[in-house]
Amino acid sequence: AQSVTQLDSHVSVSEGTPVLLRCNYSSSYSPSLFWYVQHPNKGLQLLLKYTSAATLVKGINGFEAEFKKSETSFHLTKPSAHMSDAAEYFCVVSDRPQGAQKLVFGQGTRLTINP
Amino acid sequence: SQTIHQWPATLVQPVGSPLSLECTVEGTSNPNLYWYRQAAGRGLQLLFYSVGIGQISSEVPQNLSASRPQDRQFILSSKKLLLSDSGFYLCAWSFPFPGSSGNTIYFGEGSWLTVV
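First, a word on what this report is: a plain description of the structure on this page. These figures come from a predicted structure and were not determined experimentally. (Residues numbered from 1 in each chain as written. Chains lettered and ligands numbered in written order. Predicted model: local features only at pLDDT ≥ 70, side-chain atom pairs only at ≥ 80, totals over all residues. Heavy atoms only, no water.)

## Here's the deal with the environment of Ser9(A)
Residues and elements named next belong to chain A. Take Ser9: it is sitting in the loop between strand S1 (3–6) and strand S2 (10–14). The spacing of Ser9 and Thr109 is 100 residues in sequence and 4.5 Å in space, taken between C-alpha atoms. Excluding its chain neighbours within four sequence positions, the residues that come into contact with Ser9 are Gly108, Thr109 and Arg110. (Helix = DSSP H or I, 4+ residues; strand = E, 2+ residues; numbered from the N terminus. Contact = heavy atoms within 4.5 Å.)

In structure tokens form, the structure reads like this:
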């Protein structure tokens, strides 16, 4: 069975400083990995995805993530935080049964940006 | 381009009352459709998914049901709501075949349900 562990439930950084949101996964085969962002009372927006192409994945809004198979990690980073980045972030692994996708979600990391 | 619409956005219902949340997808054919629930302070849980009209798979036993009467319409229902049904419900879709784009799930804006 696949699983995802987001190592921090809450991360707080100052505006303009780097962001690191940590994610470890467990999968019995080559996984697809995603990061989604959820702003308050909103749906989930896809930030980026890894699907066995380049291990460094660039997403929207300056975010990127690196797939490290040896460490089973898929950490999300951004060089410089903006106030608008404050949101909940979910690391997700895809279980791909025939005909439909089953996403396994981490518990989420709440990112707070301090002025 | 594809869009997903979900309504109502918010709903306050008494215990024992029925529920109907509706979701439609535009701009694609034969999508896979999903209902997720997000309880307060918790991650997302897959409730139902559908790969075609009338084809519903349930992931967890519960007080809810889903139906797909048309190709791009997905409905979440309950005959009698429980307090524990409160939460944020998200409809989502994906392309029918996995691939570089096909294994991405796209979410709607969600529906807040409060059972009182």
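## Thoughts on the side chain of Ser17(B)
The topology assignment puts Ser17(B) in the loop between strand S2 (10–13) and strand S3 (19–26). In this structure the side chain of Ser17(B) is engaged in a polar contact, spanning 3.4 Å, whose partner is the side chain of Gln13(B). (Polar contact = N/O pair within 3.5 Å; in protein donor to acceptor, adjacent residues only side chain to side chain.)

## Re the pairing of strand S8 (residues 73–78) of chain B
On any regular strand, side chains alternate: one points to one face of the sheet, the next to the other face. Residues and elements named next belong to chain B. Counting buried positions along S8 yields six of six residues, so the element is predominantly enclosed. A two-sided burial pattern is seen for S8, the buried positions comprising Gln73, Ile75 and Ser77 on one face and Phe74, Leu76 and Ser78 on the other. As defined by bridge partners, S3 adjoins S8 across six bridges and the pair is classed as antiparallel. Pairing of Ser20 across the sheet is with Ser77, part of S8. One ladder, built from four bridges, connects strand S7 (residues 65–70) with S8; its direction is antiparallel. When the sheet's bridge partners are listed, Ser67 is paired in S8 with Ile75. Linking S7 back to S8 in an antiparallel pair, the connection comprises two residues. (Buried < 20%, exposed > 50% of the residue type's maximum accessible area, 1.4 Å probe, protein only. Pairing = 2+ DSSP bridges.)

## Re the state of the cysteines
All chains considered together, the criterion is met by two disulfides over all chains. Residue pairing for Cys23(A): its cysteine sulfur links by disulfide to Cys91(A), the two sulfurs lying 2.0 Å apart. Residues Cys23(A) and Cys91(A) share a disulfide whose torsion about the S-S bond is about -70 degrees; that sign makes it left-handed. Separated by 68 residues along the polypeptide, Cys23(A) in strand S4 (residues 23–26) and Cys91(A) in strand S10 (residues 87–95) bring together distant segments of the chain. Summarising the burial analysis for this pair, Cys23(A) and Cys91(A) share the class buried. What pairs with Cys23(B) in a disulfide is Cys91(B), and their sulfur atoms sit 2.0 Å apart. (Disulfide = S-S within 2.5 Å.)

## So, the packing of aromatic side chains
All names here are of chain B. Enumeration according to the criterion identifies 16 aromatic pairs over all chains in this entry. Geometrically, the ring pair formed by Tyr34 and Tyr36 is tilted, given 6.4 Å between the ring centres and 35 degrees between the ring planes. Judged by its relative accessible area of 0%, Tyr36 is buried. (Phe/Tyr/Trp six-rings, centres within 6.5 Å; stacked < 30°, edge-to-face > 60°.)

## Things to note about the side chain of Ser50(B)
Residues and elements named next belong to chain B. For Ser50, the position within the fold is in strand S5 (residues 44–52). By relative accessible area, Ser50 is classed as buried at 0%. A distance of 2.6 Å separates the side chain of Ser50 from the backbone oxygen of Gln55, its partner in a polar contact. If near-sequence neighbours (up to four positions away) are discounted, Ser50 is found in contact with Pro31, Asn32, Leu33, Gln55, Ile56, Arg68 and Phe74.

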